[in-house]
Amino acid sequence: MLFNSYIFILFFLPLTLILYYGLNYKGHTKLAKIALILMSVWFYAYFHWSYVFVLAASVLINYTFVRGMEKRHDSPASCRFILILGITVNLGIIFYYKYLDFLLGNINRGFGTSFPLLNVLMPLGISFFTFQQISYLVDSYRGETREYDFTDYALFVTFFPQLVAGPIVTHEEMMPQFSNPERKKFSQEEMARGIWLFSVGLFKKVILADTLGAGADWGFGVPESLSCTDTIIVSLLYTFQIYFDFSGYCDMACGIAAMFHLKLPINFNSPYKAVSIADFWKRWHMSLTRFLTKYVYIPLGGNRRGKGRTLVNIFLVFLISGLWHGADWTFVLWGVLHGIAQILYRIFAKIWDRVPRILAWAVTFSFVNLTWIIFRAGSLEDSVLMLQNIFGGKPGGVSDGLLQCFNIIEFTYLEEHIGFLGEIVGKIPTIHVWMFLAVSFGVVLLGRNCYEKKFLPTPVKAWGCIVMLTWAVLSLSGLSRFLYFNF
Amino acid sequence: METAKKRGALKKLVILILAELLLVAAVVWAFDPFYQYHAPFGRLPAVLTDRDNQVVGTIRNFCYDSVLLGSSVAENFDSDYLDMAYDCSTLKVIRASGSVADLLYYLEMAQEERGVELKNIFWCLDSFAMSASAEVTLYGRDTPRYLHTGSVLDDIPYLFNREVLLERIPYMLACGYQGRNTGGRAYDWSRDKEFSAAKAMQAYDRSGINVVSNVEQRPVGEKAELIEENISLLTRQIAAHPETQYYFILPPYSMLWWDCAYVNGEQEERFYILEQTLPELLAFENVEVYFFQSEEEIVCNLDNYMDMIHYTPQVNQLMLERMVSGENRVTSENLETVLAALRDMAHRITQEEIYRYYPEQQ
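A few points on the structure. This one's a predicted model, so the numbers in the text were calculated from it and none came from an experiment.

Quick look at the overall build of chain A
Counting its secondary structure elements, chain A contains 21 helices and zero strands. Radius of gyration (C-alpha) of chain A: 24 Å, near the 23 Å computed for a compact globule of 487 residues. Taking the principal axes of its C-alpha atoms as reference, chain A extends roughly 75 × 55 × 50 Å. Each of the 487 residues in chain A was classed as buried or not, and the buried ones make up 56%. Of the roughly 20,900 Å² that chain A leaves accessible, carbon and sulfur atoms contribute 67%.

Structure, rendered in structure tokens:
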């Protein structure tokens with residue numbers, strides 16, 4: 001089920017809230033958790049019923065490993081064996097669903113073989129719940145977890161606001177909240193904050209990301225016919241689409257959790273304000289960066305084994321990050337480029353930090369923007385073509401196809417009813433695109449992260465909520481999916 | 001005190017959100033541009049401009065005793081004229097492809113909704129629809145569920161939809177105010193369209209086709225089965241409703257359509273469709289067939305067309321008038337003559353008439 005769907009907003013979410021608080025109010029706290037798990041399973045099964053078996057198997061297998069380690073805590077060798085087995089099984093599951101076809105395809109291409117592809121349906125969010133459970137296994141091995149019962153563990157993994165697109169939460173963030181009696185009580189402030197965050201997130205997703213996405217989809221679908229101007233615009237459209245898509249999702253996830261009086265960790269902190277690539281990765285998908293740092297970079301030796309090894313470790317982390325985002329060479333190259341940029345920053349940090357901030361920001365933003373082209377392109381060839389369009393200065397203006405993507409109904413309505421607006425559009429047909437880009441720049445550079453800001457309920461916010469929520473709900477018809485679900 | 005104030009504020013916020021959503025739903029329900037819930041209130045005229053979204057609603061909620069079925073070539077018929085001539089109240093039911101199965105799906109829905117037998121069924125029967133799929137194609141991925149189910153829950157994408165609110169409702173009101181696409185002119189698309197030989201020829205560029213003087217015409221082959229299935233769908237419907245009068249109108253496609261068939265070796269298939277379908281229809285007492293495909297004056301004058309098949313509203317009107325006066329009627333007795341004349345016309349088109357527009361190729 002999508003957050004940005006009628007069934008979720010008008011039926012699933014209110015029903016789940018009533019069920020959860022109703023059971024807690026009656027003192028059935030355990031039952032409330034079970035209800036939340038069952039509703040989360042329904043939320044997940046709504047995408048495809050067969051996903052539930054993968055999720056259930058993953059939860060049961062991992063819980064068995066955790067219990068196994070807890071029972072053999074006096075035998076480090078046994079625990080180590082279970083940990084290795086657990087990580088192998090988790091990686092095996094993710095490899096089967098996400099990477100096996102990619103590997104077979106490459107073998108077939110490279111060696112002229114004809115291994116049949118499996119074409120298995122990849123369960124949504126498998127990377128998220130698998131990484132979350134690997135982190136739990138490792139923390140259990142390190143003795144950092146307590147003996148949580150199955151209900152708490154299942155809720156930790158399946159809690160629907162974070163199930164399919166993160167943030168990748170850790171046990172110390174969630175488990176204490178599940179057992180805190182204060183958290184089971186309805187909170188006015190948290191509910192109001194939750195509605196606000198959800199409205200903002202829904203608006204970002206439905207009104208901004210999906211509109212920008214229409215232009216980006218058009219452009220990435222016809223890279224050969226784009227001019228230099230087209231390609232730059234399309235790249236910016238995708239840069240802002242993925243921003244508002246993911247930022248909107250994170251806001252909605254945090255907002256929903258707040259409605260349940262629970263707190264999810266911050267996952268997104270104005271990343272396009274970053275003035276270096278290291279800064280960018282401290283702000284973009286923060287829970288993934290944290291996971292990769294804690295469970296990959298540090299175990300590899302981090303920066304403790306000399307400068308050369310540190311740089312290798314950084315590179316490996318970004319290679320894994322690229323692959324985590326998808327099984328394609330475009331993602332691998334994207335990860336590699338970010339790894340190289342991170343290494344260069346690490347080497348030249350002292351010089352870089354003396355560069356004027358505006359220049360540092362411009363270079364960082366441009367790099368991120370250009371690498372998003374590789375990330376989004378249908379193939380490496382397409383990404384090369386688009387980069388050639390930009391750097392080769394391919395002639396031509398803004399294509400009609402691109403402009404048509406921004407002929408949205410709100411503009412049409414206003415221009416039909418307010419005469420001079422129609423005249424302006426007649427004189428400057430590209431104005432819709434520039435407006436979207438200007439608004440996007442304004443929001444990402446000037447706006448403050450609404451998750452970090454202290455929430456103060458005011459009448460302006462209340463009306464903002466009403467307008468954004470209604471506008472977004474009215475714009476829900478049509479299919480759209482969150483980009484991060486595929487990763 | 002503070003908590004009570006906060007609780008009051010939260011309650012107000014939730015109530016306001018719900019109230020605004022309800023208001024939107026109420027506006028859509030009241031104006032109901034797809035006529036999902038009711039016919040227009042008061043003196044508001046029914047504005048029909050969007051066949052795919054409005055046909056189901058009109059079948060369910062409008063008052064009628066007859067239906068006019070067909071594809072886009074039937075949309076410009078003036079159903080008021082039929083009402084006058086046949087003393088009935090006709091609802092236009094349009095499916096772009098003219099698919100027999102899809103139109104029958106609508107027709108059966110209408111028969112079920114009315115509860116009593118329909119008086120007349122005017123069916124503008126397209127030849128090309130007879131060799132198309134005999135399966136209903138209305139449940140595609142892009143078709144909204146709410147059109148086909150009675151459940152209010154399925155209506156949510158309709159009730160909360162900015163396109164409906166900001167575009168369809170204002171457009172409906174504007175058309176209603178100007179008297180466009182109302183009454184017998186429902187679904188009429190002829191406004192601002194250009195009908196001319198030049199326009200028609202834009203849609204059929206024969207100059208790029210390397211045609212020899214005698215193109216071999218393929219036998220019907222696999223299509224025969226589809227044609228048989230479609231005929232069977234039609235005859236089952238007619239047999240099940242002996243009290244309803246069926247009027248089949250076979251509209252005149254331009255000579256470009258006939259030439260296109262010839263160039264692609266499909267002419268025999270087009271004759272075959274008629275040779276198989278018409279006798280089956282004429283076997284019923286409650287069927288009348290009016291045949292315009294061989295109306296050479298219309299077919300060979302490309303100024304009547306905007307592409308290969310779409311003709312002016314005047315052609316639609318002419319067909320109705322001829323039908324009312326009993327002209328162009330095909331019976332079992334004259335069927336052979338009519339089809340022979342059609343073959344002659346098709347031959348003349350492909351060997352002579354078309355070269356008024358395209359140079360003859362060697």
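Observations concerning the environment of H148(B)
Residue and element names in this part refer to chain B. For H148, the location among the structural elements is in the loop between helix 5 (127–130) and helix 6 (156–159). As for H148 and Q36, which are separated by 112 residues in sequence, their C-alpha atoms are 9.9 Å apart. With near-sequence residues (within four places) excluded, H148 lies in contact with V56, R60, Y105, L138 and T143. Here the side chain of H148 touches Y105 through a polar contact of 2.9 Å, side chain to side chain.

Topic: helix 2 (residues 29–45) of chain A
Look at helix 2 of chain A: 24 Å from first C-alpha to last across 17 residues, which is about the 24 Å you get at 1.5 Å a residue. The set of residues buried in helix 2 of chain A consists of A32(A), K33(A), A35(A), L36(A), I37(A), M39(A), S40(A), F43(A) and Y44(A).

Structural notes on a positive patch on the surface
There is a patch of like positive charges on the surface, built from K282(A), K307(A), R346(A) and K350(A). You can call K307(A) exposed: its relative accessible area is 57%.

Considering the nonpolar core
Within the largest apolar cluster, 168 residues are counted, with the highest numbers of intra-cluster contacts made by F8(A) and Y272(A). Aside from chain neighbours lying at most four places away, what touches Y272(A) is T239(A), F240(A), I242(A), Y243(A), F280(A), W284(A), W361(A), F365(A), V368(A), W372(A), V444(A) and L445(A).

Describing the interface of chain A and chain B
With 24 residues of chain A in contact, the opposing surface of chain B contributes 21 residues. With both chains or domains summed, chain A and chain B bury close to 2,100 Å², and 76% of this area falls on carbon and sulfur atoms. When residues of chain A are sorted by the area they lose upon contact with chain B, Q188(A), I409(A) and L474(A) head the list and together hold 31% of the total. Viewed at the interface, chain B and chain A are joined by one salt bridge. A salt bridge links R162(B) to E410(A), with the shortest nitrogen-to-oxygen separation between them at 2.4 Å. At the boundary of chain A and chain B, one finds five residue pairs in polar contact (both at pLDDT 80 or more). Of all the elements in the fold, those that place two or more residues in the side of chain A that touches chain B are helix 1 (6–25), helix 9 (188–221), helix 18 (409–417) and helix 21 (459–474) of chain A. Looking at the side of chain A that touches chain B, its residues break down into 18 nonpolar, four polar and two charged.

Some remarks on a nonpolar patch on the surface
Together, L414(A), I418(A), F420(A), I424(A), I428(A) and W434(A) give the surface a local cluster of nonpolar side chains, amounting to about 510 Å² of exposed area. Considering the arrangement of structural elements, one finds I418(A) in the loop between helix 18 and helix 19 (419–427).

What about the pairing of strand 3 (residues 120–124) of chain B?
Remark: a regular strand shows side chains that alternate across the two faces of the sheet. Residue and element names in this part refer to chain B. Most of strand 3 sits inside the fold, with five of its five residues counted as buried. Here strand 3 shows no split at all, with N120, F122 and C124 on one side and I121 and W123 on the other all buried. As judged from the four bridges shared by strand 1 (residues 66–70) and strand 3, these two strands associate in the parallel manner. Within strand 3, the residue paired with S66 across the bridge is N120. Both strand 3 and strand 4 (residues 245–250) contribute to a ladder of five bridges, which runs parallel. Counted as the bridge partner of W123 is F248 from strand 4.

Details of the environment of V59(A)
Residue and element names in this part refer to chain A. Relative to the helices and strands, V59 is located in helix 3 (residues 51–71). According to the relative accessible area criterion, V59 is buried, its value standing at 4%. C-alpha separation for the pair V59 and F150, spaced 91 residues apart in sequence, amounts to 9.3 Å.

A look at the side chain of S475(A)
With respect to the helices and strands, S475(A) occurs in the segment after helix 21. For S475(A), a relative accessible area of 10% gives the class buried.

Some points on the packing of aromatic side chains
Residue and element names in this part refer to chain A. Inspection of every chain in the model, using the stated rule, returns 79 aromatic pairs over all chains. When the ring of F159 is compared with that of F178, the centres are 6.4 Å apart and the planes differ by 80°; the resulting orientation is edge-to-face. Taken together, the residues span a long stretch of sequence, with F159 in the loop between helix 6 (150–158) and helix 7 (160–163) and F178 in helix 8 (residues 171–179) at a distance of 19 residues. On the basis of relative accessible area, F159 is assigned to the buried category, the value being 0%. Over the ring of W324 we find K98, and its NZ or CZ is 5.4 Å from the ring centre.

Some details on the sheet that holds strand 3 of chain B
Residue and element names in this part refer to chain B. Strand order in the open sheet formed by six strands is 2-1-3-4-5-6, with mixed pairing between adjacent strands. The open sheet has two edge strands with one neighbour each: strand 2 (90–94) and strand 6 (329–330). Each of strand 4, strand 5 (287–291) and strand 6 touches helix 11 (residues 267–282); the most contacted strand, strand 5, lies at about 145° to it.

Notes on the state of the cysteines
Taken as a whole, this structure holds zero disulfides over all chains when the rule is applied. Of all cysteine sulfurs, the one in C228(A) lies closest to C405(A), which takes part in no disulfide; the gap is 19 Å.

Re the packing of helix 10 (residues 255–263) of chain B against helix 11 of chain B
Residue and element names in this part refer to chain B. Contact pair helix 10 / helix 11: the axes reach a minimum separation of 7 Å and the direction vectors enclose 120°. The pairing of helix 10 with helix 11 is recorded here as oblique in orientation. When helix 10 is examined against helix 11, the residues W257, W258, A261 and Y262 are found in contact with a partner set consisting of Q267, R270 and F271. Grouping the amino acids of the contact of helix 10 with helix 11 by side-chain chemistry returns five nonpolar, one polar and one charged.

Quick word on the pairing of strand 1 of chain B
Residues and elements named next belong to chain B. The element strand 1 is extensively covered by neighbouring structure, given that five of its five residues are classed as buried. Side chains S66, L68 and G70 of strand 1 all project onto a buried face; the interleaved residues V67 and L69 project onto the opposite face, where all are buried too. As paired strands, strand 1 and strand 2 are joined by five bridges and run parallel to one another. The partner of L68 across the bridge, within strand 2, is K92. Read as a crossover between parallel neighbours, the route from strand 1 over helix 3 (residues 79–86) to strand 2 is right-handed.

About the thresholds
Residues numbered from 1 in each chain as written. Chains lettered and ligands numbered in written order. Predicted model: local features only at pLDDT ≥ 70, side-chain atom pairs only at ≥ 80, totals over all residues. Heavy atoms only, no water. Helix = DSSP H or I, 4+ residues; strand = E, 2+ residues; numbered from the N terminus. Rg over C-alpha atoms; globule rule 2.2 N^0.38 Å. Buried < 20%, exposed > 50% of the residue type's maximum accessible area, 1.4 Å probe, protein only. Areas by Shrake-Rupley, 256 points an atom, 1.4 Å probe, with all protein chains shown as cover. Contact = heavy atoms within 4.5 Å. Polar contact = N/O pair within 3.5 Å; in protein donor to acceptor, adjacent residues only side chain to side chain. Expected span 1.5 Å × (residues − 1). Patch = residues over 30% accessible without salt bridge, like charges linked within 9 Å, V, L, I, M, F, W, Y side chains within 5 Å. Salt bridge = Lys/Arg side-chain N within 4 Å of Asp/Glu carboxyl O. Lys, Arg positive; Asp, Glu negative; His and termini not counted. Charge placed at Lys NZ, Arg CZ, Asp CG, Glu CD. Core = buried A, V, L, I, M, F, W, Y, C linked by side-chain atoms within 4.5 Å. Buried area = accessible area lost by both parts, 1.4 Å probe. Nonpolar A, V, L, I, M, F, W, Y, C, P; charged D, E, K, R; others polar. Pairing = 2+ DSSP bridges. Phe/Tyr/Trp six-rings, centres within 6.5 Å; stacked < 30°, edge-to-face > 60°. Lys NZ or Arg CZ within 6 Å of the ring centre and 35° of its normal. Axes fitted to C-alpha atoms, helices over the stretch in contact; angles between N-to-C directions. Disulfide = S-S within 2.5 Å. Parallel < 35°, antiparallel > 145°, perpendicular 65-115°, else oblique. Right-handed = clockwise from strand over helix to strand, strands pointing away.

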